[in-house]
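Structural characterization, general
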Amino acid sequence: MTCAMITGITGMVGSHLADYLLAHTGWEIYGMCRWRSPQDNVRHLLRRAEKKDRLHFIYGDLKDSFSLQKALTEAKPDYVFHLAAQSYPRTSFDAPLDTLDTNILGTARLLEAIRACGLNPIIHVCSSSEVYGRVSACLLYTSPSPRDRTRPRMPSSACKKKHTTPSSHLPDPTTITQRFS
Ligand SMILES: NC(=O)c1ccc[n+]([C@@H]2O[C@H](COP(=O)([O-])OP(=O)(O)OC[C@H]3O[C@@H](n4cnc5c(N)ncnc54)[C@H](O)[C@@H]3O)[C@@H](O)[C@H]2O)c1
């Protein structure tokens, strides 16, 4: 049976991805969440998770390698959709170290945990305009535009991409980085 793990399932994108995968695949979905994460985005899924109807919420914090290994050991995912992050640009100015810890070291901890568990899933990592620069009118993106180097999230996102570039952490990783805005 195919299993997918979504980090950040309680977030805006993660919750929509869970809805999509539940509706369009027969996969088991493991949603990783922190104990203090608000559940507003997944309220409609709580009953389903209680019944373990192809949906399981598992505890995991990007700042806690042990919790990541425990979650991965339970889920044994074929796919990892890594959406958990400190995602607020404003907060990255107010709390830059926390942002870097969550987004850069957190991604590294996740990849190391995957390796430590002996798993070799396809890993999807989201990225953003902070890495690739802004695109004005065209929908098809072909080449990088100049980066805005004043934003703390820019190095954070760029570093996240570097971590997930093949050869960084996993023996034979398949990582897909997708720009989100
Ligand atoms: N929404 C957008 O327009 C947009 C644009 C560009 C990039 N992105 C990226 O897409 C991803 C998802 O975005 P979103 O809008 O759903 O963000 P969001 O803020 O709604 O969700 C973030 C999720 O990460 C979780 N999280 C935060 N810190 C964590 C930690 N230490 N351990 C475990 N989980 C933690 C939160 O609990 C939440 O579930 C993020 O990486 C974001 O940077 C989003």
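Everything that follows concerns the structure shown earlier in this document.
Residues numbered from 1 in each chain as written. Predicted model: local features only at pLDDT ≥ 70, side-chain atom pairs only at ≥ 80, totals over all residues.

Broken down by element type, the chain carries seven helices and six strands. Starting at the N terminus and walking to the C terminus, you meet the elements of the chain as β-α-β-α-β-α-β-α-α-β-α-α-β. With 181 residues in all, the chain has 34% of them scored as buried. The contacts in the chain between residues at least 6 apart in sequence include a share of 73% that link residues at least 24 apart. (Helix = DSSP H or I, 4+ residues; strand = E, 2+ residues; numbered from the N terminus. Buried ≥ 20, exposed ≤ 12 C-beta atoms within 10 Å, placed from the backbone. Contact = placed C-beta atoms within 7 Å.)

Turning our eyes to something else, we now look at helix α1 (residues 12–24). For α1, spanning 13 residues, the distance from its first C-alpha to its last is 19 Å, which sits close to the expected 18 Å at 1.5 Å a residue. Taken together, the buried positions of α1 are occupied by G14, S15, L17, A18 and L21. With its buried residues spanning 160° around the axis, α1 presents them on a single face. Exposed residues lying more than 90 degrees from the buried face of α1 are M12, Y20, A23 and H24. (Expected span 1.5 Å × (residues − 1). Arc of directions from axis to C-beta.)

Attention now moves to the pairing of strand β2 (residues 28–33). Within a regular beta strand, the side chains point alternately toward one face of the sheet and then the other, so they alternate between its two faces. Counting buried residues along β2, six of its six residues qualify, which places the element largely inside the surrounding structure. Both strand β1 (residues 3–7) and β2 contribute to a ladder of five bridges, which runs parallel. Note that in β2 the partner of C3 across the bridge is E28. As for the winding sense of the linkage, the β-α-β connection from β1 through α1 to β2 is right-handed. (Pairing = 2+ DSSP bridges. Right-handed = clockwise from strand over helix to strand, strands pointing away.)

This part covers the environment of R109. One can find R109 in helix α5 (residues 96–116). With 44 residues separating them in the primary sequence, R109 and S65 have C-alpha atoms 5.8 Å apart. If sequence neighbours within four positions are ignored, R109 has contacts with L62, S65 and L68.

Glancing now at the environment of A18. With respect to the secondary-structure elements, A18 resides in helix α1. On a C-alpha basis, the gap between A18 and Y30 in space is 9.0 Å, while along the polypeptide they are twelve residues apart. Not counting the four nearest positions on each side in its chain, A18 is found in contact with I6, I9, I29, G31 and L45.

Here we come to the packing of helix α3 (residues 65–75) against α5. A packed helix pair is summarised by two numbers, namely the angle formed by the two axes and the spacing between the axes. Here α3 crosses α5 at 50°, and the two axes come no closer than 9 Å. Here α5 runs oblique to α3, going by the angle between their axes. Crossing angle aside, the handedness with which α3 passes α5 is right-handed. Listed contacts from α5 to S65, L68, Q69 and L72 of α3 are R109, L110, E112, A113, I114 and A116. Across the contact of α3 with α5, the residue classes break down as six nonpolar, two polar and two charged. (Axes fitted to C-alpha atoms, helices over the stretch in contact; angles between N-to-C directions. Parallel < 35°, antiparallel > 145°, perpendicular 65-115°, else oblique. Left-handed = near helix turned anticlockwise from the far one by under 90°. Nonpolar A, V, L, I, M, F, W, Y, C, P; charged D, E, K, R; others polar.)

All right, on to unusual backbone geometry then. Its identity is not glycine, yet R54 carries a phi of approximately 65°, on the positive side. Mapping R54 onto the fold places it in the loop between α2 (46–50) and β3 (55–59). The exposure class of R54 is partly exposed, given the 16 C-beta atoms found within 10 Å. Within the chain, K76 stands out as a residue other than glycine whose phi angle is a positive 40°. By the element assignment, K76 lies in the loop between α3 and β4 (79–82). With 14 C-beta atoms counted inside 10 Å, the residue K76 sits in the partly exposed group.

This part covers α3. Taken as a whole, α3 has its buried residues at L68, A71, L72 and A75. Along the long axis of α3, the arc covered by the buried residues comes to 95°, so they all point the same way. Along its buried surface, α3 packs onto β1, β2, β3 and α5.

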